[in-house]
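Single-letter residue listing:
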Amino acid sequence: MLLPVLLFVLAATVSPGGATTLATASGAQFGLRRSFPLLLGIAAGLTTLAVAASLGLAGVLFEVPHLELVVRVLGSLYLLWLAWTIARSGAPGRTSLTEPRRFRTGVLLLWLNPKAWAITLSAAGAFATQVDGPARLALLLGGAFAVCATFSQVLWCALGGAVARLLTKPWHWRALNVTLGVLILASVLPLWLDA
């Protein structure tokens, strides 16, 4: 039972999206060590969503259908703001971002991310019949998402740090930051195409 859950969660967390792009950008700007609060916030946000989905979040969404639209709008606005700030960043030391984003930024990014809701609700639905009750499902999915999300965010952040070592000119940084901003922007579009 554990292997299928881990494979599903690993594939879901390592796939590119807003959180992985933000982790990559933070790794490029600040390195892995300074980005750790953000990475842990992303993992905590996804873990708490998985636990909530396991304990009945899907039922709440069915009872209050407008809640999904509110989350989608707020999440889209937040992702657009992140895309804008990253695209406008410069090289380390020449950027308006003097500190890496914090733990709460990571949590908020996931709580307002409809993709994260869809992934955790899908996981809860797919594996609910494989365990005895919602508490066991919450423990299983919470643990899987905590481990896999932390691993994938560290991986993407380290990739950002590796890319940063190749950038030697200000225009290299401008190109990277604009590209990462566009990728975050692109992660918003699927949220509305399926609506």
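Residues numbered from 1 in each chain as written. Predicted model: local features only at pLDDT ≥ 70, side-chain atom pairs only at ≥ 80, totals over all residues. Heavy atoms only, no water.

A. Summary view of the overall build of the protein. Secondary structure summary: the protein contains seven helices and zero strands in total. Counting from the amino terminus, the protein carries its helices and strands in the arrangement α-α-α-α-α-α-α. By residue count, 47% of the 195 residues in the protein fall in the buried class. Put simply, 85% of the contacts in the protein that link residues at least 6 apart link residues at least 24 apart. Surface summary for the protein: the accessible area is close to 10000 Å², and the carbon and sulfur share equals 72%. (Helix = DSSP H or I, 4+ residues; strand = E, 2+ residues; numbered from the N terminus. Buried < 20%, exposed > 50% of the residue type's maximum accessible area, 1.4 Å probe, protein only. Contact = heavy atoms within 4.5 Å. Areas by Shrake-Rupley, 256 points an atom, 1.4 Å probe, with all protein chains shown as cover.)

B. Structural context of the packing of helix 1 (residues 2-14) against helix 6 (residues 134-164). Interaxial distance between helix 1 and helix 6 falls to 9 Å at its minimum, and their mutual angle equals 40°. Between helix 1 and helix 6, the angle falls in the class oblique. For helix 1 against helix 6, the interelement crossing comes out right-handed. Here Leu2, Val5, Leu6, Val9, Leu10, Thr13 and Val14 of helix 1 come into contact with helix 6, specifically with Leu140, Leu141, Ala144, Phe145, Cys148, Ala149, Phe151, Ser152, Gln153, Leu155 and Trp156. (Axes fitted to C-alpha atoms, helices over the stretch in contact; angles between N-to-C directions. Parallel < 35°, antiparallel > 145°, perpendicular 65-115°, else oblique. Left-handed = near helix turned anticlockwise from the far one by under 90°.)

C. Fine view of a nonpolar patch on the surface. Where nonpolar side chains cluster on the molecular surface, the patch consists of Leu69, Val70, Val73, Leu74, Leu77, Leu80, Leu185 and Trp192 and spans about 660 Å² of accessible area. Those elements giving two or more residues to the nonpolar patch turn out to be helix 3 (66-87) and helix 7 (170-193). Considering each element in turn, the nonpolar patch owes the most residues, six residues, to helix 3. Within the secondary structure, valine 70 is located in helix 3. The partly exposed category is assigned to valine 70, whose relative accessible area is 44%. (Patch = residues over 30% accessible without salt bridge, like charges linked within 9 Å, V, L, I, M, F, W, Y side chains within 5 Å. Salt bridge = Lys/Arg side-chain N within 4 Å of Asp/Glu carboxyl O.)

D. Focus on the environment of phenylalanine 103. Tracing the backbone shows phenylalanine 103 in helix 4 (residues 103-111). Considered as a pair, phenylalanine 103 and leucine 38 are 65 residues apart in the sequence and their alpha carbons are 4.5 Å apart. The contact partners of phenylalanine 103, leaving out residues within four places of it in the chain, are Pro37, Leu38, Leu40, Gly41 and Ala44.

E. Representation of the nonpolar core in the model. Core analysis: the biggest nonpolar cluster contains 45 residues, and Val5, Leu109, Leu110, Leu141 and Phe145 have the highest contact counts within it. It is helix 2 (residues 18-63) that provides the largest number of residues to this core, a total of 12 residues. Every residue in contact with phenylalanine 145, bar those within four places of it in the chain, is listed here: Val9, Thr13, Leu46, Thr47, Ala50, Ile119, Thr120, Ala123 and Thr150. (Core = buried A, V, L, I, M, F, W, Y, C linked by side-chain atoms within 4.5 Å.)

F. Examining the packing of aromatic side chains more closely. Under the criterion given, the structure shown has one aromatic pair. Each ring, one from phenylalanine 8 and one from phenylalanine 127, has its centre 5.8 Å from the other, and the planes form 75°; the classification is edge-to-face. One end of the pair, phenylalanine 8, is in helix 1; the other, phenylalanine 127, is in helix 5 (residues 114-127), with 119 residues separating them in the sequence. A residue is classified by how much of its surface remains accessible, and phenylalanine 8, at 31% relative accessible area, is partly exposed. (Phe/Tyr/Trp six-rings, centres within 6.5 Å; stacked < 30°, edge-to-face > 60°.)

G. Seen up close, the packing of helix 5 against helix 6. Where helix 5 meets helix 6, the closest approach of the two axes is 11 Å, and the angle between their N-to-C directions is 135°. By the angle between their directions, the pair helix 5 and helix 6 is classed as oblique. Our pair here, helix 5 against helix 6, has a crossing hand that is right-handed. Taking contact as the criterion, the partners of Ile119, Thr120, Ala123, Ala124 and Phe127 in helix 5 are, on helix 6, Leu137, Leu141 and Phe145. Each residue belonging to the contact of helix 5 with helix 6 can be placed in one class, and the counts come to seven nonpolar, one polar and no charged. (Nonpolar A, V, L, I, M, F, W, Y, C, P; charged D, E, K, R; others polar.)

H. Geometry of the environment of alanine 19. By the secondary structure assignment, alanine 19 is in helix 2. Spatially, the C-alpha atoms of alanine 19 and serine 152 are 9.9 Å apart, while their sequence positions differ by 133 residues. Each residue touching alanine 19, except ones within four places of it in the same chain, is listed here: Ile42, Leu109, Leu110 and Gln153.

I. Main features of the side chain of serine 152. By the secondary structure assignment, serine 152 is in helix 6. On the basis of relative accessible area, serine 152 is assigned to the buried category, the value being 0%. A distance of 3.1 Å separates a polar side-chain atom of serine 152 from the backbone oxygen of threonine 13. Leaving out residues up to four positions away in the same chain, serine 152 has contacts with Thr13 and Val14. (Polar contact = N/O pair within 3.5 Å; in protein donor to acceptor, adjacent residues only side chain to side chain.)

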